[in-house]
Amino acid sequence: DTGVSQDPRHKITKRGQNVTFRCDPISEHNRLYWYRQTLGQGPEFLTYFQNEAQLEKSRLLSDRFSAERPKGSFSTLEIQRTEQGDSAMYLCASSHTGTGPLAEQFFGPGTRLTVL
Amino acid sequence: AQKVTQAQTEISVVEKEDVTLDCVYETRDTTYYLFWYKQPPSGELVFLIRRNSFDEQNEISGRYSWNFQKSTSSFNFTITASQVVDSAVYFCALSEGGATNKLIFGTGTLLAVQP
């Protein structure tokens, strides 16, 4: 399978714990996005990487959230001191710069986080 | 500010009926891009179509068609002869391009096609 993959698919944690999610984009896609989707809502943009550089972060991304893409390939999203309000589906998407602004973003299956 | 409004929260139709999903957007830019994505029960977003603001030509792809009208800031999606497999949440999204091409999504429309 050459699509976007995310791990884990589901994560249940207790409030106050740290969690880390991984995203593997489509090979050779240099753009990588993280979105968050809560029940009944559309995905909301969190952050964007071009290669290894994090070029934009949403105001939604509090200082408890950090994302990395160390070698311009896979990315990790870490949430420290989780809160119940962090419960959501975390989606990763990738695209290729070469196709310009119309580039389709390919989405992964998401990681569903439940904070108890 | 950019905004996408999908006023229809849920639509229920019987198989073979035609159905139109509405999308209204707001943007100050003259160059922007519109998308439709499908999210089936499995959860993975599936790309359906993209349009740039300079191309108001309507498009048809099989049973799917899209009507883009800049005058009303709308980008509506019609499914002809709906099928049970069309049941999903459909999202309209807007991108102003720029450095990130991030997508601004609407709240989605849940389409239930009954057999």
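Residues numbered from 1 in each chain as written. Chains lettered and ligands numbered in written order. Predicted model: local features only at pLDDT ≥ 70, side-chain atom pairs only at ≥ 80, totals over all residues. Heavy atoms only, no water.

Colleague: I tried to follow the state of the cysteines on my own but got confused; where do I start?
Modeller: Structurally, a disulfide amounts to a covalent bond that connects the sulfur atoms of two cysteines. Following the criterion strictly, the structure yields two disulfides over all chains and no others. Across a sulfur-sulfur distance of 1.8 Å, Cys23 of chain A and Cys92 of chain A are joined as a disulfide pair. Its S-S torsion of approximately -70° makes the covalent link between Cys23 of chain A and Cys92 of chain A left-handed. One end of the pair, Cys23 of chain A, is in strand 3 (residues 19-24); the other, Cys92 of chain A, is in strand 9 (residues 88-95), and 69 residues separate them in sequence. The same class applies to Cys23 of chain A and to Cys92 of chain A, which are both buried. There is a disulfide in this structure between Cys23 of chain B and Cys92 of chain B, and the S-S distance comes to 2.0 Å. Between Cys23 of chain B and Cys92 of chain B, the S-S torsion sits near -65°, and that sign places the bridge as left-handed. A residue pair is termed long-range when its members are at least 10 positions apart, and Cys23 of chain B in the loop between strand 3 (19-21) and strand 4 (24-26) and Cys92 of chain B in strand 10 (residues 88-95) qualify at 69 residues. Taken as a pair, Cys23 of chain B and Cys92 of chain B share a single burial class, namely buried. (Disulfide = S-S within 2.5 Å. Helix = DSSP H or I, 4+ residues; strand = E, 2+ residues; numbered from the N terminus. Buried < 20%, exposed > 50% of the residue type's maximum accessible area, 1.4 Å probe, protein only.)

Colleague: Please clarify how the environment of Val19 of chain B should be interpreted in this entry.
Modeller: All names here are of chain B. Looking at the element boundaries, Val19 is found in strand 3. The class of Val19 is buried, set by a relative accessible area of 5%. C-alpha separation for the pair Val19 and Ala1, spaced 18 residues apart in sequence, amounts to 30 Å. Apart from residues lying up to four places away in sequence, Val19 is in contact with Ile11, Val13, Phe77, Thr78, Ile79 and Leu111. (Contact = heavy atoms within 4.5 Å.)

Colleague: Explanation requested: the nonpolar core in the structure shown.
Modeller: One finds Trp36, Trp66, Phe75, Phe77, Tyr90 and Leu111 of chain B to be the most contacted residues of the largest nonpolar core, which totals 24 residues. Elements with a minimum of two residues in this core: strand 2 (10-14), strand 3, strand 5 (33-39), strand 6 (46-52), strand 8 (64-69), strand 9 (74-79), strand 10 and strand 12 (109-114) of chain B. Top contributing element to this core by residue count: strand 10 of chain B, with four residues. Core analysis: the second largest hydrophobic core is formed by 19 residues, Val19, Leu32, Phe49 and Leu61 of chain A among them. (Core = buried A, V, L, I, M, F, W, Y, C linked by side-chain atoms within 4.5 Å.)

Colleague: What exactly am I supposed to notice about the environment of Lys11 of chain A here?
Modeller: Residues and elements named next belong to chain A. For Lys11, the position within the fold is in strand 2 (residues 10-13). Look at Lys11 and you get partly exposed, because its relative accessible area is 33%. In sequence terms Lys11 and Val115 are 104 residues apart; their C-alpha atoms lie 8.4 Å from each other. Not counting the four nearest positions on each side in its chain, Lys11 is found in contact with Val19, Phe21, Arg112, Leu113 and Thr114.

Geometry only, nothing functional implied.
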